[in-house]
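Topology and contacts: notes
Next come the chains, spelled out residue by residue.
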Amino acid sequence: MSITSACAVKPALPATRKTISVNGVVISRAAIAQETQNHPASKPLDAMKAASAALVVRELLLQEARRLAIPVEPASDGEGRRETDEEALVRGLIEREVRTPEADEAACRRFHEQNRRRFRTPDLYEARHILLPANQPESPVLAVAILARLALEPSEFAALALAHSACPSGKTSGNLGQIGPRQTVPEFEEALARITVGSIHPEPVETRYGLHIVALDRRIEGRDLPFDMVRGRIAEWMGEKVRRAAIRQYVSILAGQADIQGIDLDASTSPLVQ
């Protein structure tokens, strides 16, 4: 994605649509309509506003790149996709004019210490379940009956799974193996986090697949990742954050020096690079 296509602002457009221009260069309504598809929004007007702002930012950067005679040197990615000349101009401008310092070791270590929960392996779960299909009206009553039976005889879980589960795991005692983050639906994952190891969830867990009787056999706690293992990731994240802030400031300066008509890019809604 190019820098300009990723810029977004919250501009104030007039109630009646006026011609939008940057230093006398008109942003056509056809261009705005085409750009709108890159800015999905719940309301068409919001999409139009975002598209108009993105094209204004793009025109600002292109005009500055041409003024500074930035060379056009399109780059290609590893999959053979090639930049357009305008994308190359904008990238060249940003690389030349926007300087961002690299995150040093001390800053990265501070971030690691302050955000340890972000640098931790996820918990893993070893669980079993009995799935009662969502499209069967008897499932709620059967779920209550199975839970009542398991409350008296937990050892019958495998037999009940084989007899009633609509999941293929029913043939293997309902065993799901090890489950990590996002390997199952959110409701099921949340239930696993609540269950005590060695017990059965006291209520059926409802998902789009139906009702689940869930037993948790083991929880493998995640562990903190050492700084050396995540230093590169932290430096990259911090560097990108600083870079975006620097580009926002640079575009705001260009906007302040330009004659922009038909749209307001004020300081409170300065362009954001996403």
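Structural data are supplied above this passage.
So, here's what we can say about the structure. (Residues numbered from 1 in each chain as written. Predicted model: local features only at pLDDT ≥ 70, side-chain atom pairs only at ≥ 80, totals over all residues. Heavy atoms only, no water.)

With that settled, consider the side chain of His39. With respect to the element layout, His39 can be found in the loop between α1 (29-35) and α2 (44-67). A distance of 2.8 Å separates polar atoms of two side chains, one belonging to His39 and the other to Glu35. (Helix = DSSP H or I, 4+ residues; strand = E, 2+ residues; numbered from the N terminus. Polar contact = N/O pair within 3.5 Å; in protein donor to acceptor, adjacent residues only side chain to side chain.)

Our next topic: the packing of helix α5 (residues 139-152) against helix α6 (residues 157-164). Running from N to C, α5 and α6 cross one another at 160°; their axes reach a closest spacing of 10 Å. With respect to α6, the axis of α5 lies roughly antiparallel. In the packing of α5 onto α6, the handedness of the crossing is right-handed. Contacts between α5 and α6 involve Leu142, Ile146, Arg149 and Leu150 on the former and, on the latter, Phe157, Leu160 and His164. Across the contact of α5 with α6, the residue classes break down as five nonpolar, one polar and one charged. (Axes fitted to C-alpha atoms, helices over the stretch in contact; angles between N-to-C directions. Parallel < 35°, antiparallel > 145°, perpendicular 65-115°, else oblique. Left-handed = near helix turned anticlockwise from the far one by under 90°. Contact = heavy atoms within 4.5 Å. Nonpolar A, V, L, I, M, F, W, Y, C, P; charged D, E, K, R; others polar.)

On to α2, then. The end-to-end C-alpha distance of α2 is 35 Å, a good match for the 34 Å that 24 residues give at a rise of 1.5 Å each. Most of α2 is tucked away, with 17 of its 24 residues classed as buried. Positive phi appears at Ala69, one or two residues downstream of α2, with a value of about 55°. (Expected span 1.5 Å × (residues − 1). Buried < 20%, exposed > 50% of the residue type's maximum accessible area, 1.4 Å probe, protein only.)

Bringing unusual backbone geometry into the picture now. Among all residues except glycine, the phi angle is most often negative; among peptide bonds, the trans geometry is most common. One non-glycine residue with positive phi stands out, namely Asn23, at about 50°. Following the sequence through the fold, Asn23 ends up in the loop between β2 (20-22) and β3 (25-27). In this structure, Arg182 takes a positive phi of about 60° despite not being glycine. Tracing the backbone through its elements, the reader meets Arg182 in the loop between β5 (175-179) and α7 (186-194). On the basis of relative accessibility, which here comes to 74%, the residue Arg182 falls in the exposed class.

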